[in-house]
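Here is what each chain is made of, one letter per residue.
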Amino acid sequence: QVQLVESGGGLVQAGGSLRLSCAASGSTFSMNIMGWYRQAPGKQRELVADISSGGSTKYADSVKGRFTISRDNAKNTVYLGMNSLKPEDTAVYYCSARSSWFLPTDYWGQGTQVTVSS
């Protein structure tokens with residue numbers, strides 16, 4: 001089992017910045033890919049960014065150039081730096097963990113709310 005605990009969400013004005021953190025615990029050794037998804041009201045959950053244990057990254061087109069994903073393998077923690085936030089970035093952000101790029105998510109965090117006001 002893997003437990004994921006997010007922190008760092010909140011309310012910010014458009015153009016502002018936030019940094020999300022996700023601390024993983026438990027049997028994390030097999031969770032090669034960690035990432036962030038988000039779900040806005042009435043919409044499906046969507047990928048924001050993923051990062052492998054080796055540092056390879058993937059981003060949704062909508063956040064490229066504004067968001068940065070990083071991880072500290074020693075601390076089993078993944079981060080999402082969000083700059084130039086837009087009202088359309090408002091969503092619940094979920095941390096995810098899975099063993100491979102090609103497999104579905106194995107574990108989800110409880111989510112953290114990010115609200116961007118215009």
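The structure presented is a predicted model; accordingly, all values stated were derived computationally and were not measured. Along every chain, residues carry numbers that run from 1 in the direction the sequence is written. A pLDDT threshold of at least 70 governs which residues receive local features in this predicted model, and a stricter bar of 80 or more applies before side-chain atom pairs are shown or counted, although totals over entire chains, interfaces and linings include all residues. Processing note: side-chain calculations cover all non-hydrogen atoms of the structure and skip hydrogens and water entirely.

### Description of the sheet that holds strand S8 (residues 77-82)
For sheets, the rule is that strands pair by backbone hydrogen bonds, running either parallel or antiparallel. Read across the sheet, four strands follow the order S1-S3-S8-S7 without closing on themselves; strand pairing throughout is antiparallel. With one partner strand each, in any of the chains shown, strand S1 (2-7) and strand S7 (67-72) form the two edges of the open sheet. Shown here is a sheet whose adjacent strand axes are inclined to one another by a mean of 15°, direction ignored. Strands were regarded as paired on the criterion that DSSP finds at least two bridges between them. For helices the rule is a DSSP run of H or I covering at least 4 residues; for strands it is a run of E covering at least 2, with both sets numbered from the N terminus onward. Sheet topology places strand S3 (residues 18-26) next to S8; six bridges connect them, and they run antiparallel. Directly across from Leu18, in S8, lies its bridge partner Met82. Structural elements are reduced to axes, namely lines fitted to C-alpha atoms, with helices fitted over the stretch in contact, and the angle between N-to-C directions of any two is expressed from 0 to 180 degrees.

### Things to note about the state of the cysteines
The definition used for a disulfide is geometric: two cysteine sulfur atoms within 2.5 Å. For the structure shown, the criterion picks out one disulfide. The disulfide that involves Cys22 links it to Cys95, with 2.1 Å between the sulfurs. The sign of the -85° torsion about the S-S bond sets the Cys22-Cys95 disulfide as left-handed. Note that Cys22 is positioned in strand S3 and Cys95 in strand S9 (residues 91-98), a separation of 73 residues in sequence. Relative accessible area decides the class of each residue, using a 1.4 Å probe on protein chains only: under 20% of the type maximum gives buried, over 50% gives exposed, and in between gives partly exposed. The exposure class assigned to Cys95 is buried, which follows from its relative accessible area of 0%.

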